[in-house]
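# Summary of structural features
Residue-level listing of the chains:
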Amino acid sequence: MAADRNRQPPPSRAAFARFVAMATRWSDNDAYGHLNNIIYYALFDSAVNAILIEAGLLDPASSPIVGLVVESSCRFYASLTYPEPVEVGVAVERLGRSSVRYRLAVFKEGAMEAAAAGGYTHVYVERATGRPVSIPAGHRRLMEGLMVSVQ
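A short tour of the structure in this document, coming up. Per-chain numbering applies: the sequence of each chain, read as written, is numbered from 1 onward. Local features are withheld for residues below a pLDDT of 70 in this predicted model, meaning they are given only at 70 or higher, and side-chain atom pairs are given and counted only at 80 or more; totals for whole chains, interfaces and linings count all residues. Think of the side-chain values as coming from all heavy atoms in the structure, minus any hydrogens and water.

## Regarding the overall build of the chain
Of the regular secondary structure elements, the chain holds two helices and five strands. The secondary structure listing takes helices from DSSP runs of H or I that are at least 4 residues long and strands from runs of E that are at least 2 residues long, numbered from the N terminus. Starting at the N terminus, the α and β elements of the chain follow one another as β-α-β-β-β-β-α. To get the radius of gyration, use the C-alpha atoms; to get the globule rule, take the number of residues to the power 0.38 and multiply by 2.2 Å. Computed over its C-alpha atoms, the radius of gyration of the chain comes to 16 Å, within 12% of the 15 Å expected for a compact globule of 151 residues. Dimensions of the chain, computed from the C-alpha atoms along their principal axes, are close to 45 × 35 × 30 Å. Here's how the labels work: a residue is buried when its accessible area is under 20% of the maximum for its type, exposed when over 50%, partly exposed in between, all with a 1.4 Å probe on protein chains only. In the chain, which comprises 151 residues, the proportion classed as buried is 41%. Here the Shrake-Rupley method, with its probe set to 1.4 Å, supplies the accessible areas, and only the displayed protein chains count as covering residues. Roughly 8400 Å² of accessible area belongs to the chain as shown, and the carbon and sulfur atoms make up 54% of that amount. Charge counting follows a simple rule: Lys and Arg are positive, Asp and Glu are negative, and His as well as the terminal groups are ignored. Every charge is mapped onto a representative atom, which is NZ of Lys, CZ of Arg, CG of Asp or CD of Glu. Looking at the chain, you have 15 positive and 14 negative side-chain charges, and the mean spots of the two groups are 7 Å apart.

## Comments concerning the side chain of Ser63
Here Ser63 is to be found in the loop between helix H1 (37-54) and strand E2 (65-76). The exposure class assigned to Ser63 is buried, which follows from its relative accessible area of 9%. Two residues qualify as a contact provided that any one of their heavy atoms is within 4.5 Å of a heavy atom in the partner residue. When sequence neighbours within four positions are dropped, the list of residues in contact with Ser63 reads Leu57, Leu58 and Arg127.

## Details of the sheet that holds strand E1 (residues 18-22)
One open sheet accounts for five strands, arranged E1-E3-E4-E5-E2; its pairing is antiparallel. Every interior strand has two partners, whereas the edge strands, E1 and E2, have only one. For this sheet the average axis-to-axis angle between neighbouring strands, irrespective of direction, equals 25°. Of the pairings in the sheet, the one linking strand E3 (residues 86-95) to strand E4 (residues 99-108) comprises nine bridges and is antiparallel in character. When the bridges of E4 are listed, Val90 appears paired with Leu104. On top of the sheet, helix H2 (residues 137-145) reaches E3, E4 and strand E5 (116-126); it is set at about 110° to E3, its chief contact. When DSSP finds two or more bridges between a pair of strands, those strands are recorded as paired. Only the stretch in contact is used when a helix axis is fitted, and all axes are lines through C-alpha atoms; the angle between N-to-C directions ranges over 0 to 180 degrees.

## Looking at the packing of aromatic side chains
Pairing of aromatic rings covers Phe, Tyr and Trp, the last counted by its six-membered ring, and requires centre-to-centre distances within 6.5 Å; plane angles under 30 degrees mean stacked, over 60 mean edge-to-face, and any other angle means tilted. Within this structure, the stated rule accounts for seven aromatic pairs. An angle of 65° between the planes, with centres 6.2 Å apart, marks the rings of Phe16 and Phe19 as edge-to-face. The class for Phe19 is partly exposed, based on a relative accessible area of 30%. Centroid distance Phe19 to Phe107: 5.7 Å. Interplanar angle 70°. Geometry classified as edge-to-face. Residue Phe19 is located in strand E1, and its partner Phe107 is located in strand E4; the two are separated by 88 residues in the primary sequence. Among the aromatic side chains, those forming a connected cluster through ring pairs are Phe16, Phe19 and Phe107. Whether a charge lies above a ring is judged from NZ of Lys or CZ of Arg, which has to be within 6 Å of the ring centre and within 35 degrees of the ring normal. Across the ring face of Phe107, the terminal group of Arg13 is positioned such that the distance to the ring centre comes to 5.0 Å.

Worth remembering: the numbers are spatial, not functional.
Okay, structure coming up:
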């Protein structure tokens, strides 16, 4: 099988505005001895939601407006394993009227290059109806602060 000539190298820390430290868990390892692929998506989701909760913008149980993941991706560069602590890099790639595209990556604690990178798109909806709404002003201000231009 030929190498993918279009494959991008792993992103560096400079591509991210914030980092969220997270612990891996015993149950995160798969039969091959490294973090299972699905764990990276859970780390992405946990990091974004931690930032929103810390800013007082999200109460998972009662916020009337919530962001739903409508698209996600992840590319893997290096294996991670329990009990390695990790850091999830978070940046905003694109900010629309009712949606935001996050650039995300998982780094081994202190590493300069990501072990996995990808992103996802949140569409903001009214919890009661599921209908898209404009991103609330407080969320928008936070997201604007997470924008990083990448060369």
